[in-house]
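# Descriptive analysis of the structure
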2 protein chains.
Amino acid sequence: MKKHRIVTISREFGSGGRTIGKKLAEELKIPCYDSELIHEIARQSGFAEAYVQRVEESSPTGWAASLFSSNRAFGPTNEDYLWEIQRKVILELAEKGPCVIVGRCADYILRHTADCLTAFIHASMEYRAKRIVEVCGEREQTPEERIREKDKRRAAFHRFYTDMKWGYAKNYRISLDSRALGIAQCVAVLKILY
Amino acid sequence: MKKHRIVTISREFGSGGRTIGKKLAEELKIPCYDSELIHEIARQSGFAEAYVQRVEESSPTGWAASLFSSNRAFGPTNEDYLWEIQRKVILELAEKGPCVIVGRCADYILRHTADCLTAFIHASMEYRAKRIVEVCGEREQTPEERIREKDKRRAAFHRFYTDMKWGYAKNYRISLDSRALGIAQCVAVLKILY
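About the cut-offs
Residues numbered from 1 in each chain as written. Chains lettered and ligands numbered in written order. Predicted model: local features only at pLDDT ≥ 70, side-chain atom pairs only at ≥ 80, totals over all residues. Heavy atoms only, no water. Helix = DSSP H or I, 4+ residues; strand = E, 2+ residues; numbered from the N terminus. Buried < 20%, exposed > 50% of the residue type's maximum accessible area, 1.4 Å probe, protein only. Contact = heavy atoms within 4.5 Å. Areas by Shrake-Rupley, 256 points an atom, 1.4 Å probe, with all protein chains shown as cover. Least-squares fit on C-alpha atoms with pLDDT ≥ 70 in both. Axes fitted to C-alpha atoms, helices over the stretch in contact; angles between N-to-C directions. Parallel < 35°, antiparallel > 145°, perpendicular 65-115°, else oblique. Nonpolar A, V, L, I, M, F, W, Y, C, P; charged D, E, K, R; others polar. Left-handed = near helix turned anticlockwise from the far one by under 90°. Salt bridge = Lys/Arg side-chain N within 4 Å of Asp/Glu carboxyl O. Polar contact = N/O pair within 3.5 Å; in protein donor to acceptor, adjacent residues only side chain to side chain. Pairing = 2+ DSSP bridges. Phe/Tyr/Trp six-rings, centres within 6.5 Å; stacked < 30°, edge-to-face > 60°. Lys NZ or Arg CZ within 6 Å of the ring centre and 35° of its normal. Core = buried A, V, L, I, M, F, W, Y, C linked by side-chain atoms within 4.5 Å.

Helix and strand content of chain A: ten helices and five strands. Within the span of chain A, comprising 194 residues, buried residues form 54% of the whole. Of the contacts formed within chain A by residues at least 6 apart in sequence, a portion of 75% connects residues at least 24 apart. Carbon and sulfur atoms provide 53% of the accessible area of chain A, an area that totals close to 9100 Å².

Pasting the structure below:
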């Protein structure tokens, strides 16, 4: 049986991917990097945590996306600089020892790491809408609007930096539907593959 | 824990999906429908088994694909008739009892069956090329050409009849990379979800 040392969790907004990562790390007794990652990227880059947090989820879409890239005629942008730090932090963490890393394109950054289990967690819109209201409460936008926007921005960010099609099964060693299988089963499956 | 009664295996050509389905069914002591399915569709439709076998894998691509659909101006084609029989046979089998069904768009046909575990098996081109030479031997075309052609035709067939994007993680409850995880681990994972 092949074994893994690192698990990366890429996830749709509201799918419970973060919860799965945390529970898995707890059961495996290894660290889970999520907000800790943002803290470290902020520390090494000198940017505020709130800014680091926002970058991945506020990549422009539509006409603004061409501006986002054409910007680069004037040299690397803040996002490019952050991307470099993010890459460095994730490679260092993976080097340091076994861990679970949630989000931040860790799947792509660690794609040449043979013992990295890259996982993608997805779920139906209905389930995710219900879940984000439970977890984050009501907002001015409907939960469906918030999800569609986040999905679009994550996909745009991924496409720009990784050239990977977001949500495509071949990008990951395993993809799981958290609504159909349940959070506990997703954790159990990842655990036996670790 | 949610449990499943039926498993459908959709797979890339050469990924070992069929082997995974057969081993899983053996371990679960339930039937696996693969060539048996073709036999039954042939019996109910009156077409030859070789023809039934070929239809899914010989859907036209490129300019011929528009002909494939525009054909329908003259009424349903043989493929449409076969599709109806295929649908009926798969629904009947799922009704009959627990089983594993390989290929034939069973994932789509059973998409409203709550206790159906829809799985997609994929692997790198390199692995698949090596595997098809081992399993089917050398042909005039290179293994890579054979794979690219089969992939294209399966995707075209799926798109036409199911309107699903082939290879997209959200279509399945679970997607697995058989090269990275190994056949035995794929079987083990599906077994705990059953």
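The structure having been displayed, the exposition proceeds.
Superposition record for chain B on chain A: RMSD 0.0 Å, screw rotation 180 degrees, translation along axis 0.0 Å. Both copies are brought into coincidence by an operation consistent with a two-fold rotation axis. Interface overlap between copies: 100% of the residues of chain B at the interface are likewise at the interface in chain A, consistent with a symmetric, same-surface contact.

Attention now goes to the packing of helix α7 (residues 125-136) of chain B against helix α8 (residues 143-162) of chain B. Residue and element names in this part refer to chain B. Two elements in contact, α7 and α8, have axes whose closest approach is 9 Å; the angle formed by their N-to-C orientations is 105 degrees. Between α7 and α8, the interaxial angle falls into the category roughly perpendicular. Residues Met125, Arg128, Ala129, Ile132, Val133 and Cys136 of α7 form the contact with α8, whose participating residues are Pro143, Glu144, Arg146, Ile147, Arg148 and Asp151. A breakdown of the residues in the contact of α7 with α8 according to their chemical character gives seven nonpolar, no polar and five charged.

Quick look at the packing of helix α2 (residues 35-45) of chain A against helix α5 (residues 78-96) of chain A now. All names here are of chain A. Between α2 and α5, whose axes approach to 9 Å, the crossing angle comes to 120 degrees. One way to sum up the angle between α2 and α5 is to call them oblique. The way α2 lies across α5 gives a crossing that is right-handed. Residue-level inspection shows Leu37, Glu40, Ile41, Gln44 and Ser45 of α2 in contact with α5, the latter providing Tyr81, Leu82, Ile85, Gln86, Lys88, Val89, Ile90, Glu92 and Leu93. Residue composition of the contact of α2 with α5, by class: eight nonpolar, three polar and three charged.

Let's shift gears to the interface of chain B and chain A. Tallying the contact residues gives 29 residues for chain B and 29 residues for chain A. Inspection of the region where chain B meets chain A yields two salt bridges. Here chain B and chain A share eleven residue pairs in polar contact (both at pLDDT 80 or more) between them. At the level of elements, β4 (116-122), β5 (174-177), α9 (178-181) and α10 (183-193) of chain B are the ones that each hand at least two residues to the side of chain B that touches chain A. Among the elements that line the side of chain B that touches chain A, the one with the most residues is α10(B), at six residues.

The next subject is the sheet that holds strand β2 (residues 32-33) of chain A. Here ten strands make up an open sheet; going across it, the order is β2(A)-β3(A)-β1(A)-β4(A)-β5(A)-β5(B)-β4(B)-β1(B)-β3(B)-β2(B) and the pairing mixed. The open sheet is flanked by β2 of chain A together with β2 (32-33) of chain B, the only strands paired with a single partner. The pairing of β4(B) with β5(B) spans four bridges and is parallel. Among the inter-strand pairings, B:Ile121 is bridged to a residue of β5(B), identified as B:Leu176. Strands in contact with helix α1 (residues 17-28) of chain B are β1 (6-11), β2, β3 (99-102) and β4 of chain B; relative to β1(B), the strand with the most contacts, it is inclined by about 165 degrees.

Now for the packing of aromatic side chains. Under the defined criterion, the tally for this structure stands at 18 aromatic pairs over all chains. Relative to A:Tyr81, the ring of A:Phe47 has its centre 6.0 Å away and its plane inclined at 70 degrees; by these criteria the two rings are edge-to-face. On the criterion of sequence distance, the pair formed by A:Phe47 in the loop between α2 and α3 (49-57) and A:Tyr81 in helix α5 is long-range, its members being 34 residues apart. Given a relative accessible area of 40%, A:Tyr81 falls into the partly exposed group. An aromatic cluster is defined as three or more aromatic residues linked by ring pairs; in this entry it consists of A:Trp83, A:Tyr108, A:Phe157, A:Phe160 and A:Tyr161. The ring centre of A:Tyr108 lies 3.8 Å from the NZ or CZ of A:Arg111, which sits over that ring. The aromatic ring of B:Phe13 is capped on one face by B:Lys150, whose charged end is 4.7 Å from the ring centroid.

What follows deals with the environment of A:Gly17. Residue and element names in this part refer to chain A. Tracing the chain through its elements places Gly17 in helix α1 (residues 17-28). Sequence separation of Gly17 and Glu27 is ten residues, and the distance between their C-alpha atoms is 15 Å. Setting aside anything within four residues of it in sequence, one finds Gly17 in contact with Ile9, Arg11 and Ile121.

Moving on, we get to the nonpolar core. Nonpolar side chains tend to gather and get buried jointly when the protein is soluble and globular. Core analysis: the biggest nonpolar cluster contains 62 residues, and A:Leu37, A:Ile101, B:Leu37 and B:Ile101 have the highest contact counts within it. Apart from residues lying up to four places away in sequence, A:Leu37 is in contact with A:Val89, A:Ile90, A:Leu93, A:Ile101, A:Val102 and A:Arg104. Counting residues in each nonpolar core, the second largest holds 46 residues, with A:Val100, A:Leu193, A:Tyr194 and B:Cys32 among its members.

Pairing between side chains becomes possible if they bear opposite charge and their charged atoms approach one another. Counting across every chain of the model gives 22 salt bridges over all chains. Between B:Lys191 and B:Glu27 there is a salt bridge; the shortest N-O distance is 3.0 Å. On the criterion of sequence distance, the pair formed by B:Lys191 in helix α10 and B:Glu27 in helix α1 is long-range, its members being 164 residues apart. Classification of B:Lys191 as partly exposed rests on a relative accessible area of 36%. Note on B:Glu27: relative accessible area 41%, which makes it partly exposed. Note that B:Lys130 is salt-bridged to B:Glu134, the shortest N-O span being 3.6 Å. Separated by four residues within a single helix, B:Lys130 and B:Glu134 lie in helix α7, roughly one turn from each other. Here B:Lys130 matches B:Glu134 in class, with each residue exposed. One connected set of salt bridges, linked through shared partners, spans A:Glu12, A:Arg128, A:Asp151 and B:Lys170.

Function-wise, these values are silent; they only describe arrangement.
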